[in-house]
Amino acid sequence: MSAAANRKPFDAGRAAYLALNIVLLAFLLAPIAIVIVFALNPTPFISFPPVGVSLRWFEKFFASSDFMNALWLSLWVAACVLVLSVVIGGACALALARGNLPGRTFLTAFFMSPLMLPAILTGLALFQSYLLAGIGRPIWGLIMAHTLIAVPYVLRTTLAVLHNFDHRIEEAAAALGASPARVFFEVTLPLIQPGVFAGGVFAFIVSFDQFPVSLFLVVPKSETLPVVLYNYMKFDLDGAIAAASMVSILLALSVVLAMERLIGLKAYVKL
Amino acid sequence: MISRRSMLRTGAIAAVATVGAPSILHAQTKTLKITTWGGKWGDIMKATVLPAFEKEFKCTVQADQAFPFMPKLQASPKNDPLYDVFHTNSNEQWSALTEGLVMAKITAKEVPNIADVYPYAVSDKIVGVTIFTSAIGLGYRTDKGIPVPKSWKDLADPKLAGQRGGYLIPVNSLGQCHLMMLGKVYGKGLQDLDAAYKALEQLKPIKLVDFTGQMEKMLLSGEVSEGVIHDSGVLRYEGANRQPVEFCSPTEGVMALEQVLNVTPGSKVKELAFSYIDYMLRPDVQKLLAEAVWYSPANKKVKLSEKYDARLLTTPEKVATLIQPDWKWYNARKDDIDARVTRILKG
Amino acid sequence: MSKTFDGKVVAVDGVTLDIAAGEFFSLLGPSGCGKTTSLRMIAGFEMPDAGRVHVGGQDITDVPVHRRDMGMVFQSYALFPHRTVVQNVAFGLRMRDVPRADIDRRVAAALAQVALTGMEDRRPSQLSGGQQQRVALARALVIEPRVLLCDEPLGALDRKLRQQMQFELKELQRRLGVTLVFVTHDQEEALAMSDRIAVMNRGRVEQVGAPTEIYGRPRTRFVADFIGEINLLEEAGKPRALRPEKIQLVPPAQARLSGTVETANFLGGATLYRVQAGGRIWLARETHAGERSPRSPGDPVGLAWNDADIVTLES
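The residue numbers shown here count from 1 along each chain, following its written sequence. Chains and ligands are labelled by the order in which they are written, letters from A for the one and numbers from 1 for the other. A pLDDT threshold of at least 70 governs which residues receive local features in this predicted model, and a stricter bar of 80 or more applies before side-chain atom pairs are shown or counted, although totals over entire chains, interfaces and linings include all residues. The side-chain numbers reported here are obtained from all heavy atoms of the structure, hydrogens and water having been left aside.

**Topic: unusual backbone geometry**
Here's step 1: Of note, the bond from Phe67(B) into Pro68(B) is cis; its omega dihedral lies within 30 degrees of zero at -5°.
Here's step 2: Secondary structure counts use DSSP, requiring at least four H or I residues in a row for a helix and at least two E residues in a row for a strand, with both numbered from the N terminus. Mapped onto the elements of the fold, Pro68(B) is located in the loop between strand S2 (59-64) and helix H3 (69-75).

**Considerations on the sheet that holds strand S11 (residues 231-235) of chain C**
Residue and element names in this part refer to chain C.
Here's step 1: Strand order across the open sheet formed by three strands is S11-S12-S18, with antiparallel pairing between neighbours. One side of each edge strand has no neighbouring strand; the edge strands of this open sheet are S11 and strand S18 (311-312).
Here's step 2: Two strands qualify as a pair provided DSSP detects at least 2 bridges between them. Pairing of S11 with strand S12 (residues 238-242) involves five bridges; the strand directions are antiparallel. By the bridge assignment for S12, Leu232 is matched with Ala241.

**Section: the nonpolar core**
Here's step 1: Buried Ala, Val, Leu, Ile, Met, Phe, Trp, Tyr and Cys residues form a nonpolar core when they are joined through side-chain atoms within 4.5 Å. Burial classes follow relative accessibility: with a 1.4 Å probe on protein chains only, a residue under 20% of its type's maximum area counts as buried, one over 50% as exposed, and anything between as partly exposed. Ranked by internal contacts, the top residues of the largest apolar core, which has 252 residues, are Leu32(B), Trp41(B), Leu179(B), Tyr276(B) and Met280(B).
Here's step 2: Sorting elements by how many residues they give to this core places helix H4 (residues 65-98) of chain A first, with 17 residues.
Here's step 3: When residues of this core are assigned to domains, at least three map to each of domain 1 (30-133 + 257-314) and domain 2 (135-255 + 328-346) of chain B.
Here's step 4: If we skip the residues at most four places from it in the chain, Trp41(B) touches Thr36(B), His87(B), Ile131(B), Phe132(B), Met280(B), Leu289(B), Val293(B) and Tyr295(B).
Here's step 5: Core analysis: the next-biggest nonpolar cluster, separate from the first, contains 15 residues, Ala264(C), Tyr273(C), Ala277(C) and Ala284(C) among them. Where each domain begins and ends follows an automated or database-derived domain assignment. In this description, contact between two residues means that some pair of their heavy atoms is separated by no more than 4.5 Å.

**Structural notes on the pairing of strand S7 (residues 147-151) of chain C**
Residues and elements named next belong to chain C.
Here's step 1: Counting buried positions over the five residues of S7 gives five, a clear majority of the element.
Here's step 2: Relative to S7, strand S6 (residues 70-73) runs parallel, the two being bridged by four bridges. If you follow Gly71 over to S7, its bridge partner there is Leu148.
Here's step 3: Relative to strand S8 (residues 179-184), S7 is paired through five bridges, and the arrangement is parallel. Within the sheet, the bridge partner assigned to Cys150 lies in S8 and is Phe182.

**Here we look at the interface of chain A and chain B**
Here's step 1: Each side of the interface is counted separately: chain A has 34 residues, and chain B has 39 residues.
Here's step 2: Simply put, the buried area is the total loss of 1.4 Å probe accessible area from both parts when two parts are fitted together. Together chain A and chain B conceal approximately 3200 Å² of surface at their shared face, both sides included; 68% is due to carbon and sulfur atoms.
Here's step 3: It is Phe45(A), Pro220(A) and Phe235(A) in chain A that bury the most area against chain B; as a group they hold 20% of the surface buried on that side.
Here's step 4: Note on definitions: salt bridges are taken to be side-chain nitrogens of Lys or Arg within 4 Å of carboxyl oxygens of Asp or Glu. Scanning the region where chain A abuts chain B turns up one salt bridge.
Here's step 5: Asp66(A) serves as the salt-bridge partner of Lys46(B), at 2.6 Å between the closest nitrogen and oxygen.
Here's step 6: Pairs of N or O atoms are called polar contacts if they sit within 3.5 Å, as long as, within protein, a hydrogen donor faces a hydrogen acceptor (for residues adjacent in sequence, only side-chain-to-side-chain pairs). Across the contact surface, chain A and chain B share two residue pairs in polar contact (both at pLDDT 80 or more).
Here's step 7: For the side of chain A that touches chain B, the elements supplying multiple residues, two or more each, are H4, helix H6 (119-133), helix H7 (139-163), helix H9 (180-208), helix H10 (212-217), helix H11 (225-235) and helix H12 (239-263) of chain A.

This is the structure:
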């Protein structure tokens, strides 16, 4: 048989599939490319083709105490939200999957409900509740609000892992002499950990990027980065916004990569 | 394993510490809660104006620069409002008034410096006190070979098809001002909506934005050659940021874009709130802010440097070209107007 | 022992088993017969509603799973996917706080026993099904359990491998002298490996006995029918049974009953016939030395048997 005869016939379906993927990828990446161009271009407006390369917007971003305070606050809040939502979401998922609770379906839907409500309403409702309760708008109120939104992500990923979890692995451990506590720490926890931490990464990013919920809950001088950026944009629509976006993207990316290195998100999960 | 566990533990302790920390209460000094703008204005407020006020009046000022102010004020209890002084553009003060969120009138009795302001600042078109105004006119590129505009009608020049810029009228007060101006220029007056709708139709194709800042950028980048904009949005691009963009005050007059301060009726520190408005009307404070962001001061006694004096509305003659929109009238019809203009500008 | 689930389904209904030390004991029955539930009660995963579990004269009914000192092997292997082969096998020893050096020695010995030396640092996902089952076996045996419980341990393996593992498991059990309780629904497997078998049906034990006894002298209709093929007869109002291999195919002239061949299934070492005779179907097995039997469907054939081979069943 000749080599030519062996060549695969042109597959229109496959070509269309490939083209669709390329288009989707371009659609996802194009805005980032524009942000990069805008961030590096010295003019205070988007001009194409760019007139040069300059770091002036990055300098402006890093020199601004407003931006820096907001950045640190956002990171700090996101870190707290990560820890809280991992603990709460993980515990909830275990209770829902294992606890034999009455009304489990309802409870699951209930815990997922923050995702279904428009976040802006969640923010406004919490804002009013806080004011009515007379507690003002403390930073922990903001963290709680973000956690509320982030917990469903952890719940989802953990439930997914628990769903595929072979209960007999825990029984095997028990039969081998592991007490219930040791079964949990030696077997259950390590096995659901990838799901919990994948949810944790989502939680971090959901909090770090959170705008609608934060909008009403931040107080003057303690505003998170997305809120500061939004308000900055109303007055100065310059490259500092793009520089800030780049920094945000890189930070979020490095958190994901760090988590992946530290925890090994896909080390032993068949995804 | 150990490092991971200890890391988690540290994080948990930190989280608990944050949650447990009591909010610090300023029991001694009074706190004045205000809204204010961001950008260059906000920088000067935070760096100079507010610290000086705090020192002089022995108080702390909590300045909220994060939009949206109105819903936050609406959501807070009336007897303990989130803000003492409410800084917005004029039209929002009218909406706030109908909901009882701000005071109807402020006079020289509460704020002595009101005695020195131009009449427009406390006219019947204003709820509260105007501290600055901008002029809404036309911005245009000087490098595109287009004729220098003189009238509002010049925006309809067929040569500008697709090159002219306007606003999404439902969400932008400059767009709303422009619509009223069209009624005046093409019809019987600011309230001649039928003439305004017809004129608006003639402006198509037109590039529309929602933020005023976007219009500034489109002019700076040359994406539009001529568009509706306030003077500050053109004049403040000086020095390295300068582009071939100029501002024109059309012969029919410019629309006023007022910066208005008002006090919330439920404020617990009303005296301090009035003092703050009075302070913002002081000639030295007015000069500082006016020259920072190219706003025309409301106080007649302010003497700006030559450069600013030449371009801003600083004399009775120049102030006379200001046309104040009747926001009470406009807001009452806003829903109908929104529906109509959306239909006109669609497609 | 008895066990009811959700207050309605009776899973195990008054089962009493007496298993000797060092015995290979099978619980055999169709799915849902209560064999796995019985095993889980022995292991301690389920609490019997009534009845007690004794091991070596000691009542362990109230002893929690992790203090029962039993090895357990599952059909799904239930290996720890996040641990290596060595860590899997060492787990039980670690839980018992065995010194490190002893752990290493005993794990190595256990792995040698199941022929997995060299696989120490692999993860379960990198092993074949048979290898995984051996790890599970080594993990259960390394703790030197009083009883080894196996729940369909070979069910997930293909036929060839299953047969090989049957030999290995049996051999290992004999060598170590461990008491082994083996749950299976595969009667061939149970017959091949067990010292004794308990045939279960609907939560009850139908018969306990050695494989030859279970096969040759089934006590009930269910046991007779469940184990291998059988001809169920009715004589003098009593149920009786006759194994197919006890029926000889003879020329019609010498037959007790004559009929015609309906189907002939060639099984390699034997042929299983379905014969239409006397108004019913008879099963007859004829062993032969490999050459194809000359009888084909439709051929006339005679059936002969010895009355002593007929088993009378309980009615």
